[in-house]
Amino acid sequence: MSADHTRDPCPYVILNDFGGAFAMGVIGGCVWHGIKGFRNSPYGERFPGALSAIKSRAPGIGGNFGVWGGLFSTYDCAVKAIRKREDPLNAIIAGFFVGGSLAIRGGWRHTRNSAITCACLLGVFEGVGLMFQRYMAWQNKPMAPPLPDGQQPLAA
Amino acid sequence: MSWLFGYPAKKQEDSTSTATTSTSQIDSQLGFDASTISDVSSIISTPGGLDSSRLHPLAGLDKGIEYLDLEDESLNAIEGSQSLLPSRGWSDDLCYGAGTVYLAGLTVGGAQGFLEGLGKINRSDPGKLRLNTVLNAVTKRGPFLGNNAGVLAILYNLSCSTIDGVRGKHDGFNSVAAGALSGAFFKCTKGVKQMAYASAIMAGVSGAWVGFKASLGY
């Protein structure tokens with residue numbers, strides 16, 4: 001019904017999501033490991049400790065986020081192309097495949113459990129999104145315009 | 001912009017006309033006699049009262065989807081910023097730049113690791129162990145190169161957008177300067193010499209990128 005004009009069409013949005021998730025992970029990893037490295041360093045070594053923790057760990061966090069986001073976007077596009085519709089189930093299916101793909105080296109049981117966990121997580125996200133959407137629609141529900149009192153002519 | 005500000009030719013005609021002509025004009029515009037209106041439902045039930053072609057030009061109903069072009073979806077307006085893909089601003093540049101470079105680094109590093117892993121295979125190992133050897137090499141090389149290249153791309157795009165915003169336009173000089181800055185920042189804990197090397201390499205790479213874009217006509 002309503003197309004989302006804030007996101008690019010499908011093959012390109014994968015690159016966008018890769019980069020967005022990677023940047024989010026790197027920046028978040030800088031904050032996280034900056035604080036962690038600061039707190040875990042002895043006095044006098046706190047800023048060097050924070051800096052070395054950021055340097056060694058933030059890119060890895062960014063990479064993990066980026067691979068997750070990019071894979072999710074790829075699967076999302078694939079599911080969209082196959083199902084030819086856009087609904088919350090797309091994200092759940094894509095999450096199932098992402099969880100499975102990322103755990104595929106851990107054996108069959110690990111792959112299955114990760115896929116199901118990830119699909120449930122995405123289902124919760126989508127459910128919260130739907131609830132929020134309904135709440136926004138309820139808040140902005142259409143109101144009847146106030147009628148003018150008396151028989152005033154409408155001449156402008 | 002006529003859909004937003006109305007059609008200028010029609011303006012201010014009624015200021016000089018008499019009361020009767022202006023009433024008839026309003027009638028012809030609205031499609032009903034305004035003095036007979038008592039409630040909203042009589043407007044709606046008037047035949048032709050809700051003809052979209054008679055509505056105010058502000059509605060812009062004859063312009064297709066144009067009235068949905070909100071401000072935050074317009075394209076980047078900085079001079080010279082038009083590039084290979086349409087961009088909505090610095091965040092789009094950042095996402096596409098980081099994503100492309102990260103994926104390229106991951107691919108190149110993964111291929112390098114794949115070849116390396118193939119060379120490390122023991123002929124006497126069973127198949128599962130051979131697969132693991134190759135995959136270990138791939139996941140060692142690929143993310144390393146991808147992460148570092150992605151961080152460099154983030155730094156480059158952030159500094160490039162900052163320089164663009166300060167100067168108010170985008171050109172090749174901005175890109176090379178942003179490359180030099182990001183290279184220096186990437187190695188800022190390794191001493192001045194390393195910083196200078198990294199800066200020069202990144203300036204060269206971004207210069208090559210500018211040349212590549214120029215050869216495509218951007």
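Residues numbered from 1 in each chain as written. Chains lettered and ligands numbered in written order. Predicted model: local features only at pLDDT ≥ 70, side-chain atom pairs only at ≥ 80, totals over all residues. Heavy atoms only, no water.

Engineer: How do you make sense of the overall build of chain A when you look at a structure like this?
Structural biologist: Tallying secondary structure elements over chain A gives four helices and zero strands in all. When the helices and strands of chain A are listed from N to C terminus, the series reads α-α-α-α. Rg of the C-alpha trace for chain A: 23 Å, well past the compact-globule value of 15 Å for 156 residues, more than 25% over. Dimensions along the principal axes, computed over C-alpha positions, put chain A at roughly 80 × 45 × 25 Å. Considering only contacts in chain A between residues 6 or more positions apart, those separated by 24 or more positions represent 52%. Working note: accessible area of chain A is about 10,800 Å², and carbon and sulfur atoms make up 67% of it. (Helix = DSSP H or I, 4+ residues; strand = E, 2+ residues; numbered from the N terminus. Rg over C-alpha atoms; globule rule 2.2 N^0.38 Å. Contact = heavy atoms within 4.5 Å. Areas by Shrake-Rupley, 256 points an atom, 1.4 Å probe, with all protein chains shown as cover.)

Engineer: When you look at the overall build of chain B in this model, what are you seeing that I'm missing?
Structural biologist: A count of helical and extended segments in chain B gives seven helices and zero strands. Reading the helices (α) and strands (β) of chain B from amino to carboxyl end gives α-α-α-α-α-α-α. A total of 218 residues make up chain B; the buried ones form 28% of that total. Accessible surface for chain B amounts to roughly 13,600 Å². Of this, 64% is attributable to carbon and sulfur atoms. (Buried < 20%, exposed > 50% of the residue type's maximum accessible area, 1.4 Å probe, protein only.)

Engineer: I tried to follow the packing of helix α2 (residues 46-83) of chain A against helix α3 (residues 88-102) of chain A on my own but got confused; where do I start?
Structural biologist: Packed helix pairs are characterised by how far apart their axes lie and by the angle those axes make with each other. Residue and element names in this part refer to chain A. Two elements in contact, α2 and α3, have axes separated by 8 Å at closest approach and are oriented at 130°. Taken together, the axis directions place α2 and α3 in an arrangement best described as oblique. Pair α2 / α3 crosses with right-handed handedness. Taken together, the residues of α3 that come into contact with α2 (itself represented by Val67, Trp68, Leu71, Phe72, Tyr75, Asp76, Val79, Lys80 and Arg83) are Leu89, Asn90, Ala91, Ile93, Ala94, Gly95, Phe97, Val98, Ser101 and Leu102. Class assignment for the residues of the contact of α2 with α3 results in 13 nonpolar, three polar and three charged. (Axes fitted to C-alpha atoms, helices over the stretch in contact; angles between N-to-C directions. Parallel < 35°, antiparallel > 145°, perpendicular 65-115°, else oblique. Left-handed = near helix turned anticlockwise from the far one by under 90°. Nonpolar A, V, L, I, M, F, W, Y, C, P; charged D, E, K, R; others polar.)

Engineer: Whenever I open this one, the UniProt feature "transmembrane region" (unreviewed entry) in chain A confuses me. Can you help?
Structural biologist: All names here are of chain A. The UniProt entry lists residues 12-32, 89-108 and 114-132 under the feature "transmembrane region" (unreviewed entry), expressed in the numbering used here. Regarding residues 12-32, the helix share stands at 100% and the strand share at 0%, and the terminal C-alpha atoms are separated by 30 Å. For the annotated span residues 114-132, helix accounts for 100% and strand for 0% of the residues, and the straight-line distance between the end C-alpha atoms is 27 Å. (UniProt positions renumbered as here; feature names shortened; annotations may be inferred.)

Engineer: Mind showing me how you'd approach the state of the cysteines here?
Structural biologist: When the sulfur atoms of two cysteines share a covalent bond, that bond is a disulfide. All names here are of chain A. Considering all chains together, one arrives at one disulfide over all chains under this definition. Across a sulfur-sulfur distance of 2.0 Å, Cys10 and Cys77 are joined as a disulfide pair. Handedness here is read from the sign of the S-S torsion; for Cys10 and Cys77, about -105°, the answer is left-handed. Linking Cys10 in helix α1 (residues 10-39) with Cys77 in helix α2, this pair joins segments that are 67 residues apart in sequence. (Disulfide = S-S within 2.5 Å.)

Engineer: Looking at this structure, I do not really get the packing of aromatic side chains. What am I missing?
Structural biologist: Note on aromatic pairs: each is described by the distance of the centres and the angle between the planes. Applying the stated rule across the entire model yields eight aromatic pairs over all chains. Taking the centre distance of 6.0 Å and the plane angle of 50° together, the rings of Phe18 of chain A and Tyr102 of chain B count as tilted. Separated into two different chains, Phe18 of chain A in helix α1 and Tyr102 of chain B in helix α4 (residues 90-120) make up a pair that spans both. A relative accessible area of 1% means that Tyr102 of chain B is categorised as buried. Taken together, Phe18 and Phe22 of chain A together with Tyr102 of chain B form an aromatic cluster joined through their ring pairs. Sitting above the plane of the Phe38 of chain A ring, Arg46 of chain A keeps its charged end 5.0 Å from the centroid. Of note, Lys141 of chain A hangs over the ring of Trp138 of chain A, and the distance from its end group to the ring centre comes to 5.0 Å. (Phe/Tyr/Trp six-rings, centres within 6.5 Å; stacked < 30°, edge-to-face > 60°. Lys NZ or Arg CZ within 6 Å of the ring centre and 35° of its normal.)

Engineer: What is the right way to look at the side chain of Ser73 of chain A in this model?
Structural biologist: Here Ser73 of chain A shows up in helix α2. Setting aside residues no more than four positions away along its own chain, Ser73 of chain A makes contact with Val13, Ile14 and Asp17 of chain A.

Engineer: Looking at this structure, I do not really get helix α5 (residues 127-167) of chain B. What am I missing?
Structural biologist: With 41 residues, α5 of chain B ought to run about 60 Å at 1.5 Å a step, and its terminal C-alpha atoms sit 59 Å apart, in line with that. Gly168 of chain B sits one or two residues past α5 of chain B and shows a positive phi near 80°. (Expected span 1.5 Å × (residues − 1).)

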